[in-house]
Amino acid sequence: MHRARTIFKTLTGPQGQKLGAWLLARKNGPSVLCVAPLREYTTPAASEPFLNGSSTSYVEDMYNAWLADPSSVHASWDSYFRNSQGGGGYQAPPSLGLPGRNEVAISSLLPSLSGGVSLGAPVSDKVIDDHLAVQAIIRSYQIRGHHIAKLDPLEINSADLDDKTPPELLYSHYNFEETDMDRTFKLPSTTFIGGKDKALPLREILRRLELTYCRHIGVEFMFINSLEQCNWIRQRLETPGIMNPTNEQKRLILARLTRAAGFESFLARKWSSEKRFGLEGCEILIPAMKQVIDRSTEFGVESIVMGMPHRGRLNVLANVCRKPLSQIFTQFAGLEAADDGSGDVKYHLGTYIERLNRVTNKNIRLAVVANPSHLEAADPIVQGKTRAEQFYRGDGEGKKVMSILLHGDAAFAGQGIVYETMHLSDLPDYTTHGTVHIVVNNQIGFTTDPRHSRSSPYCTDVARVVNAPIFHVNSDDPESVMHVCNIAAEWRATFHKDVVIDLVCYRRNGHNEIDEPMFTQPLMYRKIKKTKPALEKYSEQLIAEGAVTPEEVKDVKDKYEKICEEALEKAREETHIKYKDWLDSPWSGFFEGKDPLKASPTGVIEDTLVHIGKRFSSPPPNAAEFVIHKGVERILKARMEMVENRMTDWALGEAMAFGSLLKEGIHVRLSGQDVERGTFSHRHHVLHHQNVDKATYRPLCNLYPDQAPYTVCNSSLSEFGVLGFELGFSMTNPNALVIWEAQFGDFNNTAQCIIDQFISSGQAKWVRQSGLVMLLPHALEGMGPEHSSARLERFLQMSSDDPDYFPPESDEFAVRQLHDINWIVANCTTPANLFHILRRQIALPFRKPLIIMTPKSLLRHPEARSSFDDMKEGTEFKRVIVDAGESAANPDGVKKLLFCSGKVYYDLKKARDERGLSKDISIARVEQISPFPYDLVKAECAKYPNAKIFWAQEEHKNQGAWTYVQPRFYTALTGSRDVNQPQKGGWFSSLFGSKPEPKPEPKSETEPEPREIGYIGRPTAASPATGSKAQHLKEVASLLDDATHL
Ligand SMILES: Cc1ncc(C[n+]2csc(CCOP(=O)(O)OP(=O)(O)O)c2C)c(N)n1
Ligand SMILES: [Mg+2]
């Protein structure tokens, strides 16, 4: 009402009052929105003779020029401006010939302005001022019209949380009066409301602006800093008659709306007490998405990756993706799963469908990415998956593959990951060339009103940062919704930039179907109860227009009901659900014909190592012209020397892994903050010309003529966004090594949601594999509480291997463990082992995420080097590196067996050797911590029967690997289960189903007590490391004393 009143006020005067009254009447009429073609303007424009060429902008230009220098303009202009300033007479301005597009002589409008002043008569200040004022009004509507658009189907809220009418939208603000309403004004080139007419009466100008900008579409676009793009939008909104759907199109909208509503009501009837997060109140989402998809396929898109929250998800799967209804209905039946995994609730599952789009007759692939409860967390995953699909198809401009992201209003405004994802949208190695965002803006988040859940006017304001146009639209006006959907799809196809459709709607039920909304939003829900569903309104509208008959409406409804009933019958025949039916990223052909427990070798021939090493250590081929930094030159030289000595340091080991995979046709992508150089300046995968801006050379892209592409890219400063993106990227192609590196390991916790919700549990929930690698710099090196710990303990705590279960020992022990676990956690101490573990990611017949604690000081440690001998054919990743020194020569004499992992090994070794204890103390490095190398640990312990066994770590006792390894050492030492008995029920029941058996008691008094594992390391602490260097050194000394104490 408020807005209607405002418009009423805006259009005062006899004609204005009529329009205002009409608008009010419309609001109270039987059908709120059944307006005749909104943008079909009927008032004829003034038919002025367009003889002389002058325009307001020209006059303005002249005037500005004259102000700066009176002699710079023609004498007649000089005279005119002089006189008009002084209030004197006027001489006709110079003739300029024929007017351009949209131009008309002001003088030609004079008769209607001043009652019969003839051509060539003086143009008063008022004429010019008024024309400028009209320009300003038009611009104000374009900028601010959305503030008073009627966006809320309930007519109670203001979508921008502000009920005020901007004064610039009141013509009185420009000193116009009712008497000015019939004056004709020339239209500036920045508007299209005139169509073919170059000038219109003020009343008609205002009317057209109102209809364009203040009815059911409110558009924000004037902040976009491209005139071309602003004009593009203006044209698609303002052109008279642009939004006139044909009857055919109307019937299609109605049919789609019928299905959307029918689906929810069917579920509501059959499973009234089941949560499904129905779409009631925003059923228009389904026709809207279909419209975006139809239009995009017309532009050539063949594959769409979608991400969406709970609301309406089942409906989208059923009616947008056309997932078989029977599969959806089986989810309600409470059946057991026929395949592995722990599954997820039905409104989180993903899907992948390939089907014919009947409207465009083109094949289309649709994927809805599975997501957790965590709202918006799937956004970067969708973008990464989309980007990967574009990359592997060679779709460099995003013409074939695109993403659609759906959002709730509260989540879109509240979740920071939305902003972080938006900021990837235009980065060269992360862009998906435009995403269509659709917000289901039901003006509530669970029980919270918008005024309590955001501080920005609209829930969509975050999108302004990337210059995305934002279309707010009243969801009860299906034709306006379809219009903005068309514009959005076309925008994306034209400019390859993000765009937002804000469907302002309501939520007919509570947050879910069993929730009572009247507790918290009584007035809103009273109104909702009285509001007719959109389908009913639109049916009535189309029947009234004669576009459909009541029988046809019923027929469409009944037909869909029958389809649902038949699908339910089919669903009832099912005895099991299959998680695989819900896979969002199938890898066709990847698993077929493969032995699931056989990995390929990871060693490579020496020639390959030499070739990669040399290329990696060489300056650009055009070295004479390409000036590289002296420091880099030294690094390359040192690398070359190492290669000549058949040695590798950390950077070389990594490069050998990448290079050898590239040679084998495996795409490698390394992404993260400052990864190109490497945070610790050790990597240098991009060499920069010192004198030419942006001239770079990437040695690993230039290894072999037929190698796979290598992508190394510095990312935006977002862990959540970028890690999610890379995870999404890794889901598309199993034959790629996708790596995310944290600047320091501790920053991974700002991406905790991706780690918890997707990486550690994705396969169990959604049968979705990923071979993503996370490189997390980790070590206590006296740098303070930050930058020391990647929180190894957390990754280990989430590892799903059973601490009490010693798997059967066989040749397949290692690979079976990898197959059965949720992820791999490692802390390597040699470049060779890094080389092998990276290559193993691809050599495995399945994919698991790999979390590596990576070094800092070891990057340059003279001992942390590997010979080519450890990387050649026949070599492999060592899960445990045992001591091969003096202790191994006489194992019975060894008094202490230390197990450790990571950098502390070098400290322990040095301390031991310095103290002359290398015969007494043996040190074994656990390189793969999880899955735990039970077999190797057992063997190593057995080798030193007289040694006391300790786990030594530099982390505090409640951190690091201790709490993970302790029970597993016990199992390794006691073999607490019958190691030759395969576990009943397979791996899944070992994780979720069967209880571990109790630990065996010693069988007799003569049987020795099991050996124990002691702890050497820092005491427990709240913080990962001390901030004092002196304290740090003290702690290290104490640790080493304990470790070498016999
Ligand atoms: C990150 C996160 N925080 C909290 C929740 C709990 N939660 C579930 S739905 C919801 C409200 C969402 O509101 P909105 O985004 O507007 O979507 P709607 O349910 O209204 O469609 C909340 C707070 C969640 N799922 N995820
Ligand atoms: Mg909401």
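Residues numbered from 1 in each chain as written. Chains lettered and ligands numbered in written order. Predicted model: local features only at pLDDT ≥ 70, side-chain atom pairs only at ≥ 80, totals over all residues. Heavy atoms only, no water.

**Remarks on the overall build of the protein chain**
So the rule is basically this: Helix numbers and strand numbers start at the N terminus; a helix is a DSSP run of H or I with at least 4 residues, a strand a run of E with at least 2. Only protein chains enter the accessibility calculation, which uses a 1.4 Å probe. A residue is then buried if its area is under 20% of the maximum for its type, exposed if over 50%, and partly exposed in between. All accessible-area figures derive from a Shrake-Rupley calculation using a 1.4 Å probe, and residue coverage is judged against the displayed protein chains alone.
If you tally the helices and strands in the protein chain, you get 35 helices and 28 strands. A total of 1046 residues make up the protein chain; the buried ones form 59% of that total. Roughly 41400 Å² of accessible area belongs to the protein chain as shown, and the carbon and sulfur atoms make up 52% of that amount.

**Considerations on the site of ligand 1**
Counted only if it meets this: For this purpose, a residue is taken to be near a molecule or strand whenever a single non-hydrogen atom of the residue falls within 4 Å of it. The term polar contact refers here to a pair of N or O atoms within 3.5 Å; inside protein, the definition further demands a hydrogen-donor-capable atom paired with an acceptor-capable atom, and it admits residues adjacent in sequence only when both atoms are side-chain atoms. Think of it as three bins: nonpolar holds Ala, Val, Leu, Ile, Met, Phe, Trp, Tyr, Cys and Pro, charged holds Asp, Glu, Lys and Arg, and polar takes everything else, Gly as well.
Residues in close proximity to ligand 1 total 15 residues, the closest being Arg311, Ser373, Asp409, Ala410 and Ala411. Within the side chain of His310, one N or O atom sits 3.0 Å away from an oxygen atom of ligand 1. Take Ile444: an N or O atom from its main chain is 3.0 Å from an oxygen atom of ligand 1. Protein burial of ligand 1: of its 580 Å² of free accessible surface, 75% is covered by the chains. Broken down by element, the residue count for the shell around ligand 1 peaks at three residues, all from helix 14 (residues 409-414). Across the shell around ligand 1, the residue classes tally to five nonpolar, eight polar and two charged.

**As for helix 13 (residues 379-393)**
Convention followed: In this analysis, the expected span of each helix is defined as 1.5 Å times one less than the number of residues it contains.
Compared with an ideal rise of 1.5 Å per residue, which puts 15 residues at 21 Å, helix 13 spans 21 Å between its outermost C-alpha atoms and is within 8% of the ideal. Among the 15 residues of helix 13, twelve are classified as buried, and the element is accordingly described as predominantly covered. Inspection of helix 13 places Asp379, Pro380, Ile381, Val382, Gln383, Gly384, Lys385, Thr386, Arg387, Ala388, Glu389 and Gln390 among the buried residues, and these make up the whole buried set. Taken from the residues just after helix 13, Gly394 is the one with a positive phi, measuring 70°.

**What about the pairing of strand 19 (residues 773-777)?**
To be explicit about the condition: For two strands to count as paired, DSSP must find a minimum of two bridges between them.
The element strand 19 is largely enclosed, with a buried count of five among its five residues. The alternating pattern of strand 19 places Val773, Leu775 and Pro777 and Met774 and Leu776 on opposite faces, both of which are buried. Bridging between strand 18 (residues 736-741) and strand 19 involves three bridges; their strand directions are parallel. Bridging from a neighbouring strand, Trp740 pairs with Met774 of strand 19. In this sheet, strand 21 (residues 850-854) lies alongside strand 19 in parallel orientation, the contact comprising five bridges. Bridge pairing in strand 21 places Met774 opposite Ile851.

**Here's the deal with the pattern of salt bridges**
Rules: By definition, a salt bridge exists where a carboxyl oxygen of Asp or Glu is found within 4 Å of a side-chain nitrogen of Lys or Arg.
Summed over the entire model, instances satisfying the criterion amount to 57 salt bridges. In this structure, Arg393 and Glu302 form a salt bridge, with 2.9 Å as the shortest nitrogen-oxygen distance. Placement of Arg393 in helix 13 and of Glu302 in the loop between helix 10 (285-298) and strand 4 (303-307) is noted, with a sequence separation of 91 residues between them. Looking at Arg393, the relative accessible area reads 33%, which means it is partly exposed.

**Remarks on the pairing of strand 14 (residues 667-672)**
Every regular strand shows the same layout, with side chains that alternate between the two sheet faces. In terms of burial, strand 14 is a largely internal element, six of the six residues being buried. Across the two faces of strand 14 the burial is the same, with His667, Arg669 and Ser671 and Val668, Leu670 and Gly672 all buried. Relative to strand 17 (residues 710-714), strand 14 runs parallel, the two being bridged by five bridges. Paired with Leu670 across the strands is Val712, a residue of strand 17.

**Some details on the environment of Ser730**
This is how it is decided: Here, two residues are considered to be in contact whenever any of their heavy atoms come within 4.5 Å of each other.
Along the chain, the position of Ser730 falls in helix 24 (residues 719-732). Assessed through its relative accessible area of 5%, Ser730 is described here as buried. Apart from the residues within four sequence positions on either side, Ser730 is in contact with Trp587, Val738, Ser770 and Leu772. Reaching out from Ser730, the side chain makes a polar contact with the side chain of Ser770 at a distance of 2.8 Å.

**Quick word on the sheet that holds strand 17**
Quick reminder of the rule: Angles run from 0 to 180 degrees between N-to-C directions of axes, and those axes are lines fitted to C-alpha atoms, restricted for helices to the stretch in contact.
With respect to topology, seven strands assemble into an open sheet ordered 17-14-18-19-21-20-26, the strand pairing being mixed. Looking at strand neighbours, the two that pair on one side only are strand 17 and strand 26 (928-930), the edges of this open sheet. Between one strand and the next, the sheet's axes are offset by a mean angle of 20°, whatever the strand orientation.

**Some details on the packing of aromatic side chains**
What counts is decided by this rule: Pairs were defined over the aromatic rings of Phe, Tyr and Trp, the Trp ring being its six-membered one, requiring ring centres within 6.5 Å. Orientation was assigned from the angle between planes: stacked under 30 degrees, edge-to-face over 60, tilted for the rest. For a Lys NZ or an Arg CZ to count as sitting over a ring, it must be within 6 Å of the ring centre and within 35 degrees of the ring normal.
Applying the stated criterion across every chain yields a total of 30 aromatic pairs. For the ring pair Trp962 and Tyr1015, a centre distance of 5.2 Å and an interplane angle of 45° mean the geometry is tilted. On the criterion of sequence distance, the pair formed by Trp962 in helix 33 (residues 962-974) and Tyr1015 in strand 28 (residues 1013-1018) is long-range, its members being 53 residues apart. For the pair Trp962 and Tyr1015, a shared accessibility class is recorded, and that class is buried. Three or more aromatic residues link up through ring pairs in this structure, and these residues are Phe806, Phe813, Phe899, Phe932, Tyr934, Trp951, Tyr964 and Phe969. Sitting over the ring of Tyr905, Arg925 keeps its end group 3.7 Å from the ring centre.

**Some remarks on the side chain of Asp649**
By the element assignment, Asp649 lies in the loop between strand 13 (647-648) and helix 23 (650-663). Only 2.9 Å separates the side chain of Asp649 from the backbone nitrogen of Leu652, close enough to count as a polar contact. Apart from residues lying up to four places away in sequence, Asp649 is in contact with Met642, Pro831, Leu859, Ala864 and Arg865.

**Here we look at the sheet that holds strand 4**
Spatial ordering of the open sheet is given by 3-10-11-9-8-4-7-6, a layout of eight strands whose pairing is mixed. In the strand order of this sheet, the two ends are held by strand 3 (217-220) and strand 6 (351-357), each with one partner. Ignoring strand direction, the axes of neighbouring strands in this sheet form an average angle of 20°. Pairing of strand 4 with strand 7 (residues 362-368), which is carried by four bridges, proceeds in the parallel orientation. The partner of Ser303 across the bridge, within strand 7, is Arg365. Helix 10 rests against strand 4, strand 6, strand 7, strand 8 (401-408), strand 9 (435-441) and strand 11 (499-504) of the sheet, and its axis sits at about 165° to strand 8.

**Concerning the confidence of the model for the protein chain**
Put simply, the test is: Note: pLDDT gives the predictor's confidence per residue, expressed from 0 to 100.
Across the protein chain, the average pLDDT comes to 88, with 85% of residues at or above 70. Scored below 50 in pLDDT, residues 86-103 makes 41 contacts in the model with residues more than four places away or belonging to other chains. Below a pLDDT of 50 lies the segment residues 978-996, which in the model reaches 26 contacts outside its immediate sequence neighbourhood of four places, other chains included.

**A few points about unusual backbone geometry**
Along the chain, Ser930 connects to Pro931 via a cis peptide bond; the corresponding omega equals -5°. Its location among the elements puts Pro931 in the loop between strand 26 and helix 32 (934-943). The phi torsion at His496 lies on the positive side, around 55°, for a residue other than glycine. Even without being a glycine, His684 presents a positive backbone phi close to 55°. Examined against the element boundaries, His684 turns out to sit in the loop between strand 14 and strand 15 (687-688).

**Here's the deal with the packing of helix 13 against helix 24**
The line we're drawing: Our angle categories are set so that under 35 degrees counts as roughly parallel, over 145 as roughly antiparallel, 65 to 115 as roughly perpendicular, and the remainder as oblique. It is the rotation of the near helix from the far one that decides the hand of a crossing: anticlockwise by less than a right angle makes it left-handed, clockwise makes it right-handed.
At a minimum axis separation of 6 Å, helix 13 and helix 24 run at an interaxial angle of 45°. As summarised for this structure, helix 13 and helix 24 are arranged oblique, according to the angle between their axes. Considering only the axes of helix 13 and helix 24, their crossing is right-handed. Counted together, Pro380, Ile381, Gln383, Gly384, Lys385, Arg387, Ala388, Glu389, Phe391 and Tyr392 of helix 13 and Phe720, Gly721, Gly724, Phe725, Leu727, Gly728, Phe729, Met731 and Thr732 of helix 24 form the full contact between these two elements. In terms of residue class, the contact of helix 13 with helix 24 is made up of ten nonpolar, six polar and three charged.

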